Amino acid sequence: MSEPPSPKNIVCLISGRGSNLEAILRAAREENWADIADAHIAAVVSNRPAVGGLAIARDYGVPTRVLDHTGYSSREAFDADLGAAIDAFDPALVILAGFLRVLTPAFVARYAGRLINIHPSLLPAFPGLATHRRAIEAGVRVHGATVHFVTGELDAGPIIGQAALAVDPADTEESLAARVLAMEHALLPRCVRWLLTGAVRLENGRVAVRGLSRQELLRCEP
Ligand code: GRF
């Protein structure tokens, strides 16, 4: 008799308020990811204590772990403990859902192909910080968010999904950030669902898409 397929455990890493985490938790519940893909949010790990995202995880009954990076003398030591905390949950997928720390090459290699990130710009434009201010300063007409596989290069890696919006001449950094964040909350769960169902997969370092309509793949509104 063949083994039953193992459940797909998901571990989310956060650093702060956790609004993207909440979007994932809500989608997992409302869309019933346990039934459609045998997927569960197994744990939430934060590198900062007492952040809003931890309270959100607890509200959803998800186990939490805190690894305060300020208690470590090197990135390598922190990432080794972070990896051990994550591996305790045997994850099929690790989501950087607002995890604001650069990861070591060893960590990235350990989770190659099952580590994804959400970044608040249309990559490869504006990797790094202050993306909305830089977008306004650059005068771009289109801005947005990207979900991608994590590679050794910061805010790079094969793109799973993007959502774009028009920059209004009246936009401020704050108004743009708020509108992009609302898009992130739809984009990230959608991309996770694509991965869980196999609609999107990594093949030879490139993202392959199957069974998704053009409309679904390129959707921008929630
Ligand atoms: C989001 O803008 C995300 O794209 C970026 O960090 C922010 C996290 O926000 N990586 P939240 O903690 O999910 O509310």
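What you are looking at is a predicted structure, and each value in this text was computed from that prediction instead of being measured.

The contact between helix 1 (residues 19-30) and helix 3 (residues 52-59) brings their axes to 9 Å, and the two run at 15°. For the element pair helix 1 / helix 3, the angle class is roughly parallel. Seen from above, helix 1 lies across helix 3 with right-handed handedness. Facing L21, E22 and L25 of helix 1, the residues of helix 3 in contact are G53, I56 and A57. Among the residues making up the contact of helix 1 with helix 3, the classes are represented as four nonpolar, one polar and one charged.

What follows deals with the sheet that holds strand 7 (residues 159-166). In space, the seven strands of this open sheet follow the order 3-2-1-4-5-6-7, with mixed pairing throughout. Whereas interior strands pair on both sides, the edge strands pair on one side only; in this sheet they are strand 3 (64-66) and strand 7. Going from strand to strand, the sheet's axes swing by 20° on average, the running direction of each strand aside. Where strand 4 (residues 91-96) and strand 5 (residues 115-119) come together, three bridges link them in parallel fashion. Residue pairing for strand 5: L96 is matched across the bridge by N117.

What follows is about the domain arrangement of the chain. In terms of domain boundaries, the chain breaks down into domain 1 (1-111) and domain 2 (118-222). Taking only C-alpha atoms into account, the centre of domain 1 sits 20 Å from that of domain 2. Taken together, the contacts link 20 residues of domain 1 with 14 residues of domain 2. Roughly 1,400 Å² of surface becomes buried between domain 1 and domain 2 when both sides are summed, with 75% attributable to carbon and sulfur atoms. Our enumeration of links across domain 1 and domain 2 arrives at one salt bridge. Counting across the domain 1 and domain 2 interface gives five residue pairs in polar contact (both at pLDDT 80 or more).

Conventions adopted
- Within any chain, residue numbers begin from 1 and follow the written order of that chain's sequence.
- In view of the model being predicted, local features appear only for residues whose pLDDT reaches at least 70, and side-chain atom pairs are presented and counted only at 80 or more, with totals across whole chains, interfaces and linings using the full set of residues.
- For side-chain calculations, the full set of non-hydrogen atoms in the structure is used, while hydrogens and water are omitted.
- What counts as an axis is a line fitted to C-alpha atoms, over the stretch in contact for a helix, and the angles between N-to-C directions run from 0 to 180 degrees.
- Put simply, DSSP H or I for four residues or longer makes a helix, DSSP E for two residues or longer makes a strand, and each gets a number counted from the N terminus.
- Roughly parallel covers angles under 35 degrees, roughly antiparallel covers those over 145, roughly perpendicular covers 65 to 115, and oblique covers all other angles.
- For any helix crossing, the convention is left-handed if the near helix is rotated counterclockwise from the far helix by under a right angle, and right-handed if that rotation is clockwise.
- We call two residues in contact whenever any of their non-hydrogen atoms come within 4.5 Å of each other.
- The residue classification treats Ala, Val, Leu, Ile, Met, Phe, Trp, Tyr, Cys and Pro as nonpolar and Asp, Glu, Lys and Arg as charged. All others, Gly included, are polar.
- Strands are treated as partners if at least two bridges between them are detected by DSSP.
- Those domain boundaries reflect an automatic or database domain assignment.
- Buried area: the accessible area, evaluated with a 1.4 Å probe, that two parts lose upon being put together, summed over both parts.
- What makes a salt bridge here is a side-chain nitrogen of Lys or Arg within 4 Å of a carboxyl oxygen of Asp or Glu, nothing more.
- N or O atoms closer than or at 3.5 Å make up a polar contact, with two conditions inside protein: a donor-capable atom paired with an acceptor-capable one, and, for residues adjacent in sequence, both atoms drawn from side chains.

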